[in-house]
Amino acid sequence: MIEKNTHEYKKDVLRLATFIGQLMLSNGAETYRVDDTVKRICSSRGFTHINVFVAPNTIIISDDRFDGYTFMKVIESRCINLNKIDLLNDFSRRFVSQADMSVDNAIKELKNLEEK
């Protein structure tokens, strides 16, 4: 388990946020919902200086602090799967409300949702 407030922890949270954004976009979520979800996930783990750019086929998440980490994902294919969007929304609410949920467990859960 990675210690909180380290660079590795911050990168893991940003990777998680990018991954859920990717899943949401690829299943047809609106860009403003992806933006909101990514910001809430980052904020729930104490990262408030996050910039998010979401287009229908691209998501970019950047930390505007001194370390300047940036993650980008291009969405190759999209579909409309409202059930999966609903599952991702439920997941994001649980992640935000449960401060003790680890990023590793969250990513495993997202991978399971991706498979459904």
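Treat the numbers as computed from the prediction; the structure is a model and nothing was measured. (Residues numbered from 1 in each chain as written. Predicted model: local features only at pLDDT ≥ 70, side-chain atom pairs only at ≥ 80, totals over all residues. Heavy atoms only, no water.)

Engineer: Talk me through the packing of aromatic side chains; I want residue IDs and the actual numbers.
Structural biologist: Any two aromatic rings considered together are summarised by their centre-to-centre distance and by the angle between their planes. Inspection of every chain in the model, using the stated rule, returns two aromatic pairs. Between tyrosine 9 and phenylalanine 47, the ring centres sit 6.1 Å apart and the planes meet at 45°, which makes this aromatic pair tilted. Linking tyrosine 9 in helix H1 (residues 7-26) with phenylalanine 47 in the loop between helix H2 (31-44) and strand E1 (50-55), this pair joins segments that are 38 residues apart in sequence. Of the two residues examined, tyrosine 9 and phenylalanine 47, each falls in the buried class. Here phenylalanine 91 and phenylalanine 95 contribute two aromatic rings whose centre-to-centre distance is 6.1 Å and whose plane-to-plane angle is 25°, an arrangement assigned as stacked. In this pair, phenylalanine 91 and phenylalanine 95 both sit in helix H3 (residues 82-97), four residues apart, roughly one turn of the helix. This pair shows no difference in class: phenylalanine 91 is buried, exactly as phenylalanine 95 is. A cation sits over an aromatic face here: arginine 45 above phenylalanine 95, 3.7 Å from the ring centre. (Phe/Tyr/Trp six-rings, centres within 6.5 Å; stacked < 30°, edge-to-face > 60°. Helix = DSSP H or I, 4+ residues; strand = E, 2+ residues; numbered from the N terminus. Buried < 20%, exposed > 50% of the residue type's maximum accessible area, 1.4 Å probe, protein only. Lys NZ or Arg CZ within 6 Å of the ring centre and 35° of its normal.)

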